[in-house]
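Breakdown of the fold
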Amino acid sequence: MIDVLVLVLLVAAIVYMTARLKISPFLALLGAAVVGGFAFGLPTADIIPTILTSFGNTMGNIGLVILFGTMIGLVLERSGAAISMADALIRVLGTRFPNLTMSVIGYVVAIPVFCDSGFIILNSLRKAITVRARVSPVAMSVALMTGLYATHTIVPPTPGPLAAASELGVVDNLGLVIGLGLPVAAFAAGAALLFASALRNRYVELEPQTEEEARNERTYEEMRAAYGTLPSALASFLPILVPIVLICLASVASLPGAPLGDGALATTVRFVGAPVIALVIGFALGVALLRGKGRLEQLNSIVTGSITVAAPILLITAAGAAFGGVLGASALTDVITEHLTTLGLGVFVPFVIAAALKTAQGSSTVAIITTAALVAPLLDTLGLPGSTGAALAVLAVGAGAMVVSHANDSYFWVVSQLSRIPVATAYRTLTPATAIEGVAAILATWVLSLIVL
């Protein structure tokens, strides 16, 4: 039980350093790996090699995947494709059910785009539909926020779920994670949508705008015009849809029984469906959306911006893997196995850990990566064996990383400030909405585990 106590103290230290002292999660996780190596009694000569091997393997396995996933999101943002996708969904869904429309738009856009960026991009659209439909602006903000959140924490190629898939050893079978994640995310977003709908005629009073905010505010039409000619809807969706289809086809080709045979077709499908190749193809389709002069400069700016965004995620992911490598090399797995095997908690263990970390320190990405590192050695013990079990663990971790968004979460402030929601109202609406969404996601994951395991 001493090893368990050491684990609890290390996790508490990570939370304290990241949440209270504002130390980089990269340093906190790497420090925990080194301290844990000594505390768990690993041979001194093995501590640094264990950390370096886990760190390097993760960077090699997931580095380019996260980078190109980030690049796709940024090119969709810079080219106006995210706006074009939103327009297309409005044409299909209309504005008769405005909360549903915003939730679906968020659900789709956040598959490649970070939820913070997605809300900033779509905020003008949210305000325009709110005025047109005469519904509560708070309800619309909740619908958009939770729609974005659903796929952001659960569905690759968003970096968080990608990192979890790498930590849990299922990155080569992303099609399975995507196939299971899309309906779970949809169910979670639907539960949050019901909560948003209950607010339809409530909380109509917002914080007044300052004169500077009023001067700088742009209407949705002005924002669209700033992009010039928007790419077509089909071209806008292709950078998302093509990689997902290719990854899923590669997963089908790798199934037992070889549904696509063992010839050139199967080999080709497995090659183009490898996550990094599929995302390179998606990025190439996204680059084709860039318009105007200086396309090379735009491309270079997107690459540079993507590296800036992806680098911290990559380092945190690799540091989390180093921490997980130390845990896996210790006797902790055997100790926990003795106590967890008979409990039958399954997917609820990663959910609870991720929810505790998310609520304590605010970052969904840090919660996802840290939890994945903690539970990776325990998948068989938790009754989550093989690729299917690991994929369910990814979903459970993502579900926990939604619970709950409050004052220590930057996304909470992005939504509340852009929506001009008073802080007290935000606590009564945004925070419980993320709690409902996360609980719905883990319940859907649990039901899936009963079916597929």
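Residues numbered from 1 in each chain as written. Predicted model: local features only at pLDDT ≥ 70, side-chain atom pairs only at ≥ 80, totals over all residues. Heavy atoms only, no water.

In this section: the nonpolar core. One finds Leu 122 and Phe 323 to be the most contacted residues of the largest nonpolar core, which totals 143 residues. Apart from the residues lying within four places of it in its own chain, the contact partners of Phe 323 are Leu 10, Ile 14, Leu 29, Ala 32, Ala 33 and Leu 374. (Core = buried A, V, L, I, M, F, W, Y, C linked by side-chain atoms within 4.5 Å. Buried < 20%, exposed > 50% of the residue type's maximum accessible area, 1.4 Å probe, protein only. Contact = heavy atoms within 4.5 Å.)

Right, let's get into the packing of aromatic side chains. Tallied over the entire structure, the rule returns 6 aromatic pairs. Seen from their ring centres, Phe 26 and Phe 55 are 6.5 Å apart, and the 65° between their planes marks the pair as edge-to-face. Taken together, the positions of Phe 26 in helix H2 (residues 25-39) and Phe 55 in helix H3 (residues 44-79) put the pair 29 residues apart, joining distant regions of the chain. Judged by centre distance (6.0 Å) and plane angle (65°), the ring pair of Phe 68 and Phe 283 falls under edge-to-face. Taken together, the residues span a long stretch of sequence, with Phe 68 in helix H3 and Phe 283 in helix H14 (residues 275-287) at a distance of 215 residues. Taking the relative accessible area as the measure of exposure, Phe 68 reaches 16% and is therefore buried. Under the relative-accessibility criterion, Phe 283 is labelled buried at 9%. (Phe/Tyr/Trp six-rings, centres within 6.5 Å; stacked < 30°, edge-to-face > 60°. Helix = DSSP H or I, 4+ residues; strand = E, 2+ residues; numbered from the N terminus.)

Another point: the confidence of the model for the protein chain. Looking at the protein chain as a whole, the pLDDT averages 85, with 92% of positions reaching at least 70. Least confident of the elements in the protein chain is helix H10 (residues 211-216), whose mean pLDDT is 54; most confident is helix H19 (residues 386-400), at 95. (pLDDT = per-residue confidence, 0-100.)

Turning to helix H1 (residues 2-20), a few remarks are in order. The terminal C-alpha atoms of H1, which comprises 19 residues, lie 26 Å apart, in line with the 27 Å expected from a rise of 1.5 Å per residue. Asp 3, Val 6, Leu 7, Leu 10, Val 11, Ile 14, Val 15 and Thr 18 are the residues of H1 that are buried. Immediately downstream of H1, the backbone of Lys 22 shows phi near 60°, a positive value. (Expected span 1.5 Å × (residues − 1).)

A few words on a nonpolar patch on the surface. A grouping of Val 439, Leu 443, Trp 446, Val 447, Leu 450, Ile 451, Val 452 and Leu 453 is seen on the molecular surface, where their side chains present a nonpolar patch of about 710 Å² in accessible area. With respect to the helices, strands and loops of the structure, Ile 451 is situated in helix H21 (residues 423-452). (Patch = residues over 30% accessible without salt bridge, like charges linked within 9 Å, V, L, I, M, F, W, Y side chains within 5 Å. Areas by Shrake-Rupley, 256 points an atom, 1.4 Å probe, with all protein chains shown as cover. Salt bridge = Lys/Arg side-chain N within 4 Å of Asp/Glu carboxyl O.)

Within the secondary structure, Thr 153 sits in helix H7 (residues 137-154). When its relative accessible area of 1% is taken as the criterion, Thr 153 is described as buried. Aside from chain neighbours lying at most four places away, what touches Thr 153 is Pro 161, Ser 364, Ile 368, Gly 398, Ala 401 and Met 402.

Okay, the environment of Gly 160 next. Looking at the secondary structure, you find Gly 160 in helix H8 (residues 159-167). For Gly 160, a relative accessible area of 6% corresponds to the buried category.

Time to look at the packing of H8 against helix H18 (residues 364-375). Close contact between H8 and H18 brings their axes to 9 Å; oriented N to C, the two are set at 10°. Taken together, the axis directions place H8 and H18 in an arrangement best described as roughly parallel. Two secondary-structure elements touch here, H8 through Gly 160, Ala 163, Ala 164 and Glu 167 and H18 through Ile 368, Ile 369, Ala 372 and Ala 373. Taken together, the residues that form the contact of H8 with H18 break down as 6 nonpolar, 1 polar and 1 charged. (Axes fitted to C-alpha atoms, helices over the stretch in contact; angles between N-to-C directions. Parallel < 35°, antiparallel > 145°, perpendicular 65-115°, else oblique. Nonpolar A, V, L, I, M, F, W, Y, C, P; charged D, E, K, R; others polar.)

The next subject is unusual backbone geometry. Residue Pro 157 follows Pro 156 across a cis peptide bond; omega there is 15°. Relative to the elements of secondary structure, Pro 157 occurs in the loop between H7 and H8. Despite not being glycine, Arg 420 has its phi angle at roughly 55°, a positive value. The exposure class assigned to Arg 420 is partly exposed, which follows from its relative accessible area of 25%.

Attention now goes to the environment of Tyr 411. Position of Tyr 411 relative to the elements: it lies in helix H20 (residues 410-418). When the C-alpha positions of Tyr 411 and Ser 117 are compared, they lie 9.6 Å apart, and in sequence the two are 294 residues distant. Residues in contact with Tyr 411, not counting those within four places in the same chain, are Cys 115, Asp 116, Phe 119, Leu 144, Met 145, Leu 148 and Tyr 149. A distance of 2.9 Å separates a polar atom in the side chain of Tyr 411 from the backbone oxygen of Met 145. (Polar contact = N/O pair within 3.5 Å; in protein donor to acceptor, adjacent residues only side chain to side chain.)

Between helix H5 (residues 98-109) and H7, whose axes approach to 7 Å, the crossing angle comes to 25°. Regarding the angle of H5 to H7, the classification is roughly parallel. Seen along the crossing, H5 lies across H7 with a hand that is right-handed. Facing H5, whose interface residues are Pro 98, Asn 99, Met 102, Ser 103, Gly 106 and Tyr 107, H7 presents Ala 139, Met 140, Ala 143, Leu 144, Gly 147, Leu 148, Ala 150 and Thr 151. Class assignment for the residues of the contact of H5 with H7 results in 9 nonpolar, 5 polar and no charged. (Left-handed = near helix turned anticlockwise from the far one by under 90°.)

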